[in-house]
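Summary of the model geometry
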Amino acid sequence: MKLHFLLILLTSIAFSDYRSYYSVGDTLSLEDQNLEYNVCHSDGNYGVGDSFLFSDYNGAINGGNYKISLISMNATWWPACYDYISLMDSLMNYTTQNEDVEFIVSLDYNLEEFSDYECLEWGDLYQELGIYDNDPLILNGDTDFDSDGYYDHHIWNMFAGSTYSSYAIIDHNMVVRYLFDEPDLDNFQDLYLPELISEMYGCTDFEATNYDSNSVYNDNSCTYDGDLNEDDIIDINDVILLLNMILNLELENSGDLNGDGNVDILDIIELVNIILN
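The paragraphs below set out a description of the structure included in this document. Values in this document were obtained by computation on a predicted structure and should not be read as measured data. (Residues numbered from 1 in each chain as written. Predicted model: local features only at pLDDT ≥ 70, side-chain atom pairs only at ≥ 80, totals over all residues. Heavy atoms only, no water.)

**Focus: the overall build of the protein**
When you go through the protein residue by residue, the secondary structure sums to ten helices and nine strands. Radius of gyration (C-alpha) of the protein: 26 Å, far over the 19 Å computed for a compact globule of 277 residues. Put simply, the protein has 277 residues, and 43% of those count as buried. Of the charged side chains in the protein, 4 are positive and 54 negative; the average position of the first set lies 17 Å away from that of the second. (Helix = DSSP H or I, 4+ residues; strand = E, 2+ residues; numbered from the N terminus. Rg over C-alpha atoms; globule rule 2.2 N^0.38 Å. Buried < 20%, exposed > 50% of the residue type's maximum accessible area, 1.4 Å probe, protein only. Lys, Arg positive; Asp, Glu negative; His and termini not counted. Charge placed at Lys NZ, Arg CZ, Asp CG, Glu CD.)

Right, here's the structure in full:
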């Protein structure tokens, strides 16, 4: 216990001048997206020894595979990280059922050659302490990217920089959306993650009136000028409907296709031109 306290105290002093590279609203640089992290515990998709890149979840540069990243930053020597494992196992039960979200553990497990657990042992704790027998994807947070002979704790420095355990949620566009110093299971799975998942789906046709540039998957919600009967086709039926609007003085805003504030013969001409073109 005394050794743990001393290590925690020394760690707090050593890291007190560190700063998070990213704040909420920042976008991960391409350099950070393309850093290769060593996988030290397999989740079934990545094997031990594989390389993980955040760009694996950026569909804009990997061919269309978009994911939301929930990152749990742990240190084996920090008691709270151990205490939260069962909670993280419960959270993984949510993320494994949502293909748009990936749960990632960044593990710092070496401190001056001291470690309570090796990476594989830390992963096994999810089955030992949890109730869902999950296998988390664990990355080696100690990788020495700058080759200066010291552990970099790079992911922790990017998103936390002050305390363990810490958490970051990155959306499908590689934007940092949330940063936390402690887990919040209910809000993670009932508020934050569902909100980000919903942002991935919308109208992706730039010609539609409700085009959403943030969406990456089309949910068939697109609407178009001239589709007055909302059957996803602009044709003679829409012309007939517009003509009836005019004749019956049912001057709905949807019929004002030229935007002049009136619904009249000029809108019929506009609609015919839309069909012909």
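Still more ground to cover, so stick around.
**Quick word on the packing of helix α5 (residues 85-95) against helix α8 (residues 185-199)**
Where α5 meets α8, the closest approach of the two axes is 10 Å, and the angle between their N-to-C directions is 30 degrees. The angle between α5 and α8 places the two elements in the roughly parallel class. In this structure, α5 meets α8 at a crossing whose hand is right-handed. Every residue of α8 that contacts α5 at Leu87, Ser90, Leu91, Tyr94 and Thr95 is listed here: Leu185, Phe188, Gln189, Leu193, Pro194 and Ile197. Partitioned by chemical class, the residues of the contact of α5 with α8 number eight nonpolar, three polar and no charged. (Axes fitted to C-alpha atoms, helices over the stretch in contact; angles between N-to-C directions. Parallel < 35°, antiparallel > 145°, perpendicular 65-115°, else oblique. Left-handed = near helix turned anticlockwise from the far one by under 90°. Contact = heavy atoms within 4.5 Å. Nonpolar A, V, L, I, M, F, W, Y, C, P; charged D, E, K, R; others polar.)

**Focus: the sheet that holds strand β2 (residues 51-52)**
Strand order in this open sheet of seven strands is β2-β1-β5-β4-β3-β6-β7, and the pairing throughout is mixed. The sheet is open, and its two edges are formed by β2 and β7 (176-180), each paired on a single side. Pairing analysis gives eight bridges linking strand β3 (residues 68-75) to strand β4 (residues 101-108), with the strands arranged parallel. Bridge pairing links Ser72 to Val105 in β4. On top of the sheet, α5 reaches β3, β4 and β6 (166-170); it is set at about 150 degrees to β4, its chief contact. (Pairing = 2+ DSSP bridges.)

**Some points on the side chain of Lys67**
If you trace the backbone, Lys67 turns up in the loop between α3 (59-62) and β3. Here Lys67 falls in the buried class, since its relative accessible area comes to 14%.

**Some points on the pattern of salt bridges**
Evaluated as defined, the whole model comprises three salt bridges. Of the charged contacts in the structure, one is a salt bridge between Asp171 and Arg177, with a shortest N-O distance of 3.0 Å. For Arg177, a relative accessible area of 22% gives the class partly exposed. Between Glu199 and Arg177 there is a salt bridge, with the nearest N and O atoms lying 2.8 Å from each other. Placement of the pair is Glu199 in helix α8 and Arg177 in strand β7, with a sequence separation of 22 residues. Several salt bridges converge on common partners, so that one network encompasses Asp171, Arg177 and Glu199. (Salt bridge = Lys/Arg side-chain N within 4 Å of Asp/Glu carboxyl O.)

**Considerations on the environment of Tyr37**
Among the structural elements, Tyr37 can be located in strand β1 (residues 37-41). Note: C-alpha distance between Tyr37 and Asn58 (21 residues apart in sequence) is 16 Å.

**As for the packing of aromatic side chains**
Counting across every chain of the model gives 20 aromatic pairs. Residues Phe52 and Phe54 carry aromatic rings whose centres are separated by 5.3 Å and whose planes lie at 80 degrees to one another, so their mutual orientation is edge-to-face. Each of the two residues, Phe52 as well as Phe54, counts as buried. Judged by centre distance (5.9 Å) and plane angle (20 degrees), the rings of Tyr178 and Phe180 are stacked. Here Tyr178 matches Phe180 in class, with each residue buried. Counting every residue linked through ring pairs, the aromatic cluster contains Tyr37, Tyr46, Phe52, Phe54, Tyr57 and Phe145. (Phe/Tyr/Trp six-rings, centres within 6.5 Å; stacked < 30°, edge-to-face > 60°.)

**Some remarks on α5**
Restricting attention to buried positions, one finds in α5 the residues Ile85, Met88, Asp89, Leu91, Met92, Tyr94 and Thr95. Elements that come into contact with the buried residues of α5 comprise β3, α4 (79-83), β4, α6 (119-129), β6 and α8.

**Here we look at the packing of helix α9 (residues 236-247) against helix α10 (residues 265-276)**
Between α9 and α10, the least distance of the axes is 10 Å, while the angle of their chain directions is 175 degrees. Looking at the two axes, α9 sits roughly antiparallel to α10. Every residue of α10 that contacts α9 at Ile236, Asp238, Val239, Leu242, Leu243 and Ile246 is listed here: Ile265, Asp267, Ile268, Leu271, Val272 and Ile275. Of the residues in the contact of α9 with α10, the class split is ten nonpolar, no polar and two charged.

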